[in-house]
Amino acid sequence: MELTGLTAIVTGGASGIGAATAAMLAVRGANVAVFDLIASHDPAVLSLTCDVTDRAAVRDAVEATVRAFGGIDVLVNNAGIGAAGTVADNPDDEWARVFDINVTSIARVTTACLPHLRLFNHAAIVNTCSVVALVGLPQRALYSATKGAVAALTLAMAADHVHDKIRVNAVVPGTTDTPWVARLLDAAPDPAAAAEALRARQPLGRLVSPDEVAHAIAYLASPAASSTTGTLLAVDGGLLGVRVPGR
């Protein structure tokens, strides 16, 4: 219960990694507000309909969170969408849309939360990045570009806000068993073979679970990580750092 008394916002918290994170923060004692386009089915959280590309909607959701819980201690910038294809496969409007959701929304939500985060001694921001920011994988050009931006933005934010006593870190998940990955597999010509290929490229031989990523986020959000800022914490099945012959 190391988060008892703290209030956390989780964007994109109604499914996948976000839902697992919201539930885990609540179990550990935090008051949790979920910002998402769809309603959270978790009765332990405050579910707020919020389009993170809309500055007014973000401001209203932040104000609703403060009215409900009295402040904000933790922000988890998790909202994001995927994109497939090479650098030539997505039109300009799709590049703009994915960057707006995956990158600009972090700036938008953080800006609305900063006045509240500055008031507390255990303030923390955790951004959801991806291994594609740090290693080249096929058919992920646009998505990789956005997550590379998230990695750079995390380090810049950590430097900007260290004197505000706001820690800023990111988790770097490998391929995770989320609804988006499930949709990619369903659309593949051979879903079983595609699923095996995803498992095989991670040295542990399986997909990362949303709960495993949520544990890392909860740690970075916790006062237990009070000396950790500017860190990109990999939860990737060994993809970044381990080379196993034959896999």
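What counts and how
- Residues numbered from 1 in each chain as written.
- Predicted model: local features only at pLDDT ≥ 70, side-chain atom pairs only at ≥ 80, totals over all residues.
- Heavy atoms only, no water.
- Helix = DSSP H or I, 4+ residues; strand = E, 2+ residues; numbered from the N terminus.
- Expected span 1.5 Å × (residues − 1).
- Bend = angle between axes of the 7 residues up to and from the residue.
- Core = buried A, V, L, I, M, F, W, Y, C linked by side-chain atoms within 4.5 Å.
- Buried < 20%, exposed > 50% of the residue type's maximum accessible area, 1.4 Å probe, protein only.
- Contact = heavy atoms within 4.5 Å.
- Axes fitted to C-alpha atoms, helices over the stretch in contact; angles between N-to-C directions.
- Left-handed = near helix turned anticlockwise from the far one by under 90°.
- Nonpolar A, V, L, I, M, F, W, Y, C, P; charged D, E, K, R; others polar.
- Phe/Tyr/Trp six-rings, centres within 6.5 Å; stacked < 30°, edge-to-face > 60°.

Asker: Hey, could you go over helix α3 (residues 92-117) for me, with residue numbers and the actual values?
Answerer: The end-to-end C-alpha distance of α3, which contains 26 residues, comes to 35 Å, matching closely the 38 Å that a straight helix rising 1.5 Å per residue would cover. Taken as a whole, α3 carries its principal kink of about 50 degrees at T104.

Asker: Could you give an account of the nonpolar core, with specific residues and numbers?
Answerer: Core analysis: the largest hydrophobic core is formed by 39 residues, its most contacted members being I9, F35, V62, C113, L117, I125 and I166. Taken together, the elements giving at least two residues each to this core come down to β2 (31-36), α2 (55-69), α3, α4 (141-161) and β6 (167-173). The element that contributes the greatest number of residues to this core is α3, accounting for seven residues. If we skip the residues at most four places from it in the chain, C113 touches I9, V62, I72 and L75. Residues L6, V32, V208 and V213 belong to the second largest nonpolar core, which totals 27 residues.

Asker: Account for the packing of α2 against α3, naming residues and giving values.
Answerer: At their nearest, the axes of α2 and α3 sit 9 Å apart, and the two run at 35 degrees to each other. For the element pair α2 and α3, the recorded crossing hand is right-handed. For the pair α2 and α3, contact is made by R55, V58, V62 and V66 and by R108, V109, T111, A112, C113 and H116, respectively. Classifying every residue of the contact of α2 with α3 by side-chain character gives six nonpolar, two polar and two charged.

Asker: So what about the packing of aromatic side chains? Which residues, and what values?
Answerer: Counted under the stated rule, the structure contains one aromatic pair. Judged by centre distance (6.3 Å) and plane angle (15 degrees), the ring pair of W95 and F99 falls under stacked. Here W95 pairs with F99, and both are found in helix α3, just four residues apart, close to one helical turn. For W95, a relative accessible area of 23% puts it in the partly exposed group. Overall, the relative accessible area of 25% leaves F99 in the partly exposed class.

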